Amino acid sequence: MICMFKIAVVGDKDSILAFKALGVDVFTVCDSEEARRTVDTIARNNYGIIFITEQIASLIPDTIERYDNEIIPAVILIPSNQGTLNIGMKRINENVEKAVGSNIL
Amino acid sequence: MAKLNVNPTRMELTTLKRRLKTATRGHKLLKDKQDELMRRFIELIRKNKDLRMDVEEELQGSFKEFLLASATMSPEMLGEAVAFPKENISVDIKKKNVMSVNVPVMKFIRKLEGDEGAIYPYGFAQTSSQLDDAISQLYGVMSKLLELAEVEKACQLMADEIEKTRRRVNALEYRTIPDLEETIRFIRMKLDESERSTITRLMKVKELINKEAQ
């Protein structure tokens, strides 16, 4: 299967505007309802990778989880300009615990 | 452990023996799969962790510069400066099969439009230098960020598959195989018992016939 996919960034405006200069599609959201709707819409619209800031991701954990078992799209958390909330790291550790049974890192 | 609810017949015994053989073979194969998946997963998760730490750190730096830029420039100017990107990133996702897990392989296609060289999509006259720094840093971290996307997704999918495989291995090892073994033993004993009782009955009958003949 060879398809071209686009890349999206979801987050608050101040954090992610810079991504726009690199040719990545930027979606600014403010609250959880809007974030959920945006993520679901772009997941359907041929986006292969969705970067989402941890601040926004912490509002919609269920939506993020829904895409965990699918190859496309990959939902990846990035820190925002207010610093990292360590959710990304936590998710890595969760994966390790799920697979190995204990945290070996 | 409980024996299965089956009739103690020779035919059942054959069926169960065949099932036990399949189960043992399946268990061995799944166990091998689990081991190999685990090996790859651990390799990948280490990489994932390192990448994420790097990326988070570098993104922070870029965000800091961008924050400074947005403080010195008006929001309209800022929006205008980045509104028409020169670069175009798209991603080509293929599936790779790693031990029956479909793992994405991402190939990134970055296209620079127009003149080569500068990555900034704006003129330098009305923008602050912090914006240049922010964007050049972001440009540098982008390839790592994309790699992180690939690795992290692979890790997620593999973690899921490992959990599933482990459950299957355990179910076979601690439930199916012992159950089958116990049932087979039970049927064997039952069959032996009925054989013995047939022999004794025959001996008894013979004795009776001999007594009659005398």
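Just above sits the structure.
So, here is what we can say about the structure in this document. (Residues numbered from 1 in each chain as written. Chains lettered and ligands numbered in written order. Predicted model: local features only at pLDDT ≥ 70, side-chain atom pairs only at ≥ 80, totals over all residues. Heavy atoms only, no water.)

A complete count under the given rule lists 18 salt bridges over all chains for this structure. Linking Arg66(A) and Asp40(A) is a salt bridge whose minimum nitrogen-to-oxygen distance equals 3.1 Å. Of this pair, Arg66(A) sits in helix H4 (residues 61-66) while Asp40(A) sits in helix H2 (residues 32-44), and the two are 26 residues apart along the sequence. When its relative accessible area of 45% is taken as the criterion, Arg66(A) is described as partly exposed. In this structure, the salt-bridge partner of Glu36(B) is Arg40(B), at a minimum N-O distance of 3.0 Å. Pair noted here: Glu36(B) and Arg40(B) are both in helix H1 (residues 10-72), with a separation of 4 residues, about one helical turn. Among the charged side chains, a network of salt bridges with common partners joins Glu36(B), Arg39(B), Arg40(B) and Glu43(B). (Salt bridge = Lys/Arg side-chain N within 4 Å of Asp/Glu carboxyl O. Helix = DSSP H or I, 4+ residues; strand = E, 2+ residues; numbered from the N terminus. Buried < 20%, exposed > 50% of the residue type's maximum accessible area, 1.4 Å probe, protein only.)

Residues and elements named next belong to chain B. For helix H2 (residues 75-82), the set of buried residues is Leu78, Ala81 and Val82. Angular distribution of buried residues about the axis of H2 spans 80°; they occupy a single face of the element. In this structure, H2 carries Glu76 and Glu80 as exposed residues pointing more than 90 degrees from its buried face. In the core, the buried residues of H2 are packed alongside H1 and helix H3 (129-213). (Arc of directions from axis to C-beta. Contact = heavy atoms within 4.5 Å.)

On to the packing of aromatic side chains, then. Residues and elements named next belong to chain A. Counted by the stated rule, this structure contains 1 aromatic pair over all chains. Centre to centre, the rings of phenylalanine 27 and tyrosine 47 are 5.9 Å apart; their planes meet at 85°, and the pair counts as edge-to-face. Of this pair, phenylalanine 27 sits in strand S2 (residues 25-28) while tyrosine 47 sits in strand S3 (residues 47-53); the two residues are 20 residues apart in sequence, bridging distant segments of the chain. A residue is classified by how much of its surface remains accessible, and phenylalanine 27, at 24% relative accessible area, is partly exposed. (Phe/Tyr/Trp six-rings, centres within 6.5 Å; stacked < 30°, edge-to-face > 60°.)

On to the interface of chain B and chain A, then. Each partner contributes to the interface: chain B provides 54 residues, whereas chain A provides 50 residues. Summing the contributions of chain B and of chain A, the shared interface buries around 4,700 Å²; its carbon and sulfur component is 69%. The three residues of chain B that bury the most area against chain A are Arg52(B), Phe63(B) and Ile93(B), which together make up 13% of that side's buried surface. Asp160(B) is the salt-bridge partner of Lys98(A), the closest N and O atoms lying 2.5 Å from each other. For the pair chain B and chain A, the number of links is 7 residue pairs in polar contact (both at pLDDT 80 or more). Elements with a contribution of two residues or more to the side of chain B that touches chain A: H1, H2, strand S1 (87-98), strand S2 (101-112) and H3 of chain B. (Buried area = accessible area lost by both parts, 1.4 Å probe. Polar contact = N/O pair within 3.5 Å; in protein donor to acceptor, adjacent residues only side chain to side chain.)

All names here are of chain B. Between H1 and H3, whose axes approach to 3 Å, the crossing angle comes to 165°. By the angle between their axes, H1 is roughly antiparallel relative to H3. Broken down by class, the residue content of the contact of H1 with H3 amounts to 35 nonpolar, 12 polar and 22 charged. (Axes fitted to C-alpha atoms, helices over the stretch in contact; angles between N-to-C directions. Parallel < 35°, antiparallel > 145°, perpendicular 65-115°, else oblique. Nonpolar A, V, L, I, M, F, W, Y, C, P; charged D, E, K, R; others polar.)

A separate point is the pairing of strand S1 (residues 4-11) of chain A. Burial analysis of S1(A) places 6 of its 8 residues in the buried class, which makes it a mostly covered element. Relative to S1(B), S1(A) is paired through 2 bridges, and the arrangement is antiparallel. The residue of S1(B) that forms the bridge with Met4(A) is Asp92(B). Direction of pairing for S1(A) relative to S3(A): parallel, over a ladder of 5 bridges. Note on S3(A): the bridge partner recorded for Ala8(A) is Ile50(A). Pairing analysis gives 4 bridges linking S1(A) to S2(A), with the strands arranged parallel. Its bridge partner being in S2(A), Val10(A) is matched across the sheet by Phe27(A). (Pairing = 2+ DSSP bridges.)

Everything listed here is a matter of coordinates, which is why it stays silent on function.
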